[in-house]
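Single-letter residue listing:
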Amino acid sequence: ARGGGAPTSPVSRPASARPTFGGDHLMGAVSGEKVLGAIRRGIRPVGNVIQRQCIPLLKKIREGASPLLAPLHPLYDQCAAAVGQLAAPLAPLFAREFREYEVYAASAALAMLDVLLVTFFRVRGELLVERYPVVTNSLQGAALVLAGDAVAQQWANRQRGVPTLRPDWGRLRKASLVGVLNVGIWPYYWYLLVDSLLPNSAPSRLAYPLWLYEWGLLSLKITLDSAVNGALSILSSLSLWSALDGDSPERWQAKVEQRFLPTWRMDWRVWPLYNILCFTVLPLGMRPLTSGVASMLWNAYVSHQSQPVA
């Protein structure tokens, strides 16, 4: 699944928030040009506010906080030196080039470890994700987006004809932060909201079969997820990457205009097929693993789409 779940991780409930149709009906009713026009009309005022009000305000806050933070600079330098000494044995690892199969194998292993952490790890007899849901979902989101970004970097090298990868570790750190916020924390509260508004328990009296109620409720939830959560998640990813890369409001606006609609369309095309396979083909015990791998690959695509525009 795209992000964290409530009360459990999406890896343990992989098909709880995905549409069961391909999205062509939606895109047929709402043309791409209309959606793109609405996006442009919506983000231009936001970009103006960011440029004229938010950025000057942040500069004033930074200037005012500098004297207060000055006494902490020596402590920061000491911590940085200590971290550098601890990381010194890993310097050859950070400097080496990895073969293509090593990148894919390491990313898949990280996704599988993430699945094991969420599905099996217990604290005092209670699943870690149930005892510490926000922390666990944050770790899960960081791991999935980091693994996905490594795959995206390798794939970009492959497109350029380079068979190896020297990872951009700074970009991987940014990917981890994006994962914590966008794939870990936000979806957890989204699923809490959806489950509170649309509880799974059926009314005591139904005028139609129970299975029809259950599938109708599931269809409503997963449609809302791709229509609302999917769109917000993609927009959030594009915006977080722009903020971490230091993009100007104009570059952020150009990125959203160029990348949002194609990524959202892909969301509607990819996840419904996976959802159908989950319900009809995949055994229950296989779903956590396949969900983790699918999430990693999806985050690789979103990470690629979130990089700076030309």
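Residues numbered from 1 in each chain as written. Predicted model: local features only at pLDDT ≥ 70, side-chain atom pairs only at ≥ 80, totals over all residues. Heavy atoms only, no water.

In this section: the overall build of the protein chain. Secondary structure summary: the protein chain contains 11 helices and four strands in total. For the protein chain, with 310 residues in total, the buried portion stands at 40%. Once local pairs closer than 6 in sequence are excluded, the contacts in the protein chain between residues at least 24 apart make up 79%. By element, 67% of the accessible surface of the protein chain is carried by carbon and sulfur atoms, the whole surface being about 17100 Å². (Helix = DSSP H or I, 4+ residues; strand = E, 2+ residues; numbered from the N terminus. Buried < 20%, exposed > 50% of the residue type's maximum accessible area, 1.4 Å probe, protein only. Contact = heavy atoms within 4.5 Å. Areas by Shrake-Rupley, 256 points an atom, 1.4 Å probe, with all protein chains shown as cover.)

Now for the side chain of T136. Structurally, T136 can be placed in helix α7 (residues 133–159). A polar contact is formed between the side chain of T136 and the backbone oxygen of L128, at a distance of 3.2 Å. The contact partners of T136, leaving out residues within four places of it in the chain, are V118, L128 and V129. (Polar contact = N/O pair within 3.5 Å; in protein donor to acceptor, adjacent residues only side chain to side chain.)

Another point: the confidence of the model for the protein chain. Of the residues in the protein chain, 81% have a pLDDT of 70 or more, and the chain-wide mean is 79. Looking over the protein chain, one finds the lowest element-wise mean pLDDT in helix α1 (residues 24–29), namely 46, and the highest in strand β1 (residues 98–99), namely 92. Of the regions scoring below 50 in pLDDT, residues 5–29 engages in 80 contacts with residues more than four places distant in sequence or in other chains. (pLDDT = per-residue confidence, 0-100.)

Bringing the packing of aromatic side chains into the picture now. Taken as a whole and judged by the stated rule, the model has five aromatic pairs. With 5.0 Å between their ring centres and 75 degrees between their planes, Y188 and Y189 make a pair best called edge-to-face. Classification of Y189 by relative accessible area gives partly exposed; the value is 45%. Ring centres of W298 and Y301 lie 5.5 Å apart, and the angle between their planes is 40 degrees; this geometry places the pair in the tilted category. (Phe/Tyr/Trp six-rings, centres within 6.5 Å; stacked < 30°, edge-to-face > 60°.)

This next bit is on the nonpolar core. In this structure, A231, I234, L238, W252, V256, F260, L261, W264 and W268 together form the largest nonpolar core, which totals nine residues. For this core, the secondary-structure elements that each account for two or more residues are α9 (210–245) and α10 (249–280). In terms of residues, this core owes the most to one element, α10, which gives six residues. Listed in part, the six residues of the second largest apolar core include W271, Y274, W298 and V302. (Core = buried A, V, L, I, M, F, W, Y, C linked by side-chain atoms within 4.5 Å.)

On to the environment of P163. Within the secondary structure, P163 sits in the loop between α7 and β4 (164–165). When its relative accessible area of 55% is taken as the criterion, P163 is described as exposed. Filtering out sequence-adjacent residues up to four positions away, P163 remains in contact with R99, E100 and Q154.

Counted under the stated rule, the structure contains nine salt bridges. In this structure, R131 engages E126 in a salt bridge whose closest nitrogen and oxygen atoms are separated by 3.3 Å. R131 sits in the partly exposed class, given a relative accessible area of 29%. One salt bridge in this structure joins K221 and D195, with 3.0 Å as the shortest N-O distance. Of this pair, K221 sits in helix α9 while D195 sits in helix α8 (residues 169–197), placing them 26 residues apart in sequence. (Salt bridge = Lys/Arg side-chain N within 4 Å of Asp/Glu carboxyl O.)

Quick look at α7 now. Taking 1.5 Å of rise per residue, the 27 residues of α7 would be expected to cover 39 Å, and the 38 Å separating its terminal C-alpha atoms lies within 8% of that figure. For α7, a buried count of 20 out of 27 residues is recorded, marking the element as mostly surrounded by other parts of the structure. Just downstream of α7 lies G161, where phi reads positive at about 85 degrees. (Expected span 1.5 Å × (residues − 1).)

Now for a nonpolar patch on the surface. On the surface, W186, L220, L224, V228 and L232 cluster together into a nonpolar patch covering about 380 Å² of accessible area. Of the residues forming the nonpolar patch, the biggest block, four residues, is contributed by α9. By secondary structure assignment, the location of W186 is in helix α8. Looking at W186, the relative accessible area reads 31%, which means it is partly exposed. (Patch = residues over 30% accessible without salt bridge, like charges linked within 9 Å, V, L, I, M, F, W, Y side chains within 5 Å.)

Time to look at the packing of α7 against helix α11 (residues 287–305). The angle between the axes and the distance between the axes are what describe a pair of packed helices. At a minimum axis separation of 7 Å, α7 and α11 run at an interaxial angle of 60 degrees. Taken together, the axes of α7 and α11 lie oblique to each other. The two elements α7 and α11 cross, and the hand of that crossing is right-handed. Residues L144, V145, A147, G148, D149, V151 and A152 of α7 pack against G292, S295, M296, N299, A300, S303 and H304 of α11. Residue classes in the contact of α7 with α11 are distributed as seven nonpolar, six polar and one charged. (Axes fitted to C-alpha atoms, helices over the stretch in contact; angles between N-to-C directions. Parallel < 35°, antiparallel > 145°, perpendicular 65-115°, else oblique. Left-handed = near helix turned anticlockwise from the far one by under 90°. Nonpolar A, V, L, I, M, F, W, Y, C, P; charged D, E, K, R; others polar.)

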